[in-house]
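Notes for the structure review
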Amino acid sequence: VKSSGDSMKQSFPKEDAAVKSIALGIMGDRTPQLLFRILNGELPEDLTPPLLWVMIGTNDLASRCNSEMTAFGIIQVVQALREKRPNAIIV
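Below: a short report on this structure. (Residues numbered from 1 in each chain as written. Predicted model: local features only at pLDDT ≥ 70, side-chain atom pairs only at ≥ 80, totals over all residues. Heavy atoms only, no water.)

**Topic: the pattern of salt bridges**
A complete count under the given rule lists two salt bridges for this structure. Asp29 is the partner of Arg37 in a salt bridge, and the nearest nitrogen-oxygen pair spans 2.4 Å. Assigned by exposure class, Arg37 and Asp29 land together as buried. The partner of Glu42 in a salt bridge is Arg37, with the nearest N and O atoms 3.3 Å apart. (Salt bridge = Lys/Arg side-chain N within 4 Å of Asp/Glu carboxyl O. Buried < 20%, exposed > 50% of the residue type's maximum accessible area, 1.4 Å probe, protein only.)

**Points about the packing of helix α2 (residues 31–39) against helix α4 (residues 67–84)**
Contact geometry for α2 and α4: axes closest at 9 Å, N-to-C directions at 15°. In terms of axis orientation, α2 runs roughly parallel to α4. Two packed elements cross with a definite hand, and for α2 against α4 that hand is left-handed. Listed contacts from α4 to Thr31, Leu34, Leu35, Ile38 and Leu39 of α2 are Thr70, Gly73, Ile74, Gln76, Val77, Ala80, Leu81 and Lys84. Across the contact of α2 with α4, the residue classes break down as eight nonpolar, four polar and one charged. (Axes fitted to C-alpha atoms, helices over the stretch in contact; angles between N-to-C directions. Helix = DSSP H or I, 4+ residues; strand = E, 2+ residues; numbered from the N terminus. Parallel < 35°, antiparallel > 145°, perpendicular 65-115°, else oblique. Left-handed = near helix turned anticlockwise from the far one by under 90°. Contact = heavy atoms within 4.5 Å. Nonpolar A, V, L, I, M, F, W, Y, C, P; charged D, E, K, R; others polar.)

See below:
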C-alpha cells in the first residue's frame, strides 16, 4: 500500500509492517504539488503497490481554491496515478 497526500497523510505512521504500507504525505500539500511529484519521480518504477490511498484537497479548499478547481485537481491526480499504475486500486 502506498499512500500520498497532504498533512493528514503525514500524521500517519511512515511505515506499518503489519500491512506493508508507507505514508508519503507532506504538510500543506495541495493537488498541484502532489501532481507534480507524481509526474516527476514520486513513483519510482520499482514501486508497484496493489493499493494507492490518496487523501488530498483539504489544503486546496483551505487556501480558498473553489470546490470545482479542487475536484479538478483530485481528478488530475487520480488520472496520473492510473497512468503510472494501471493495475493498482485507487482509494
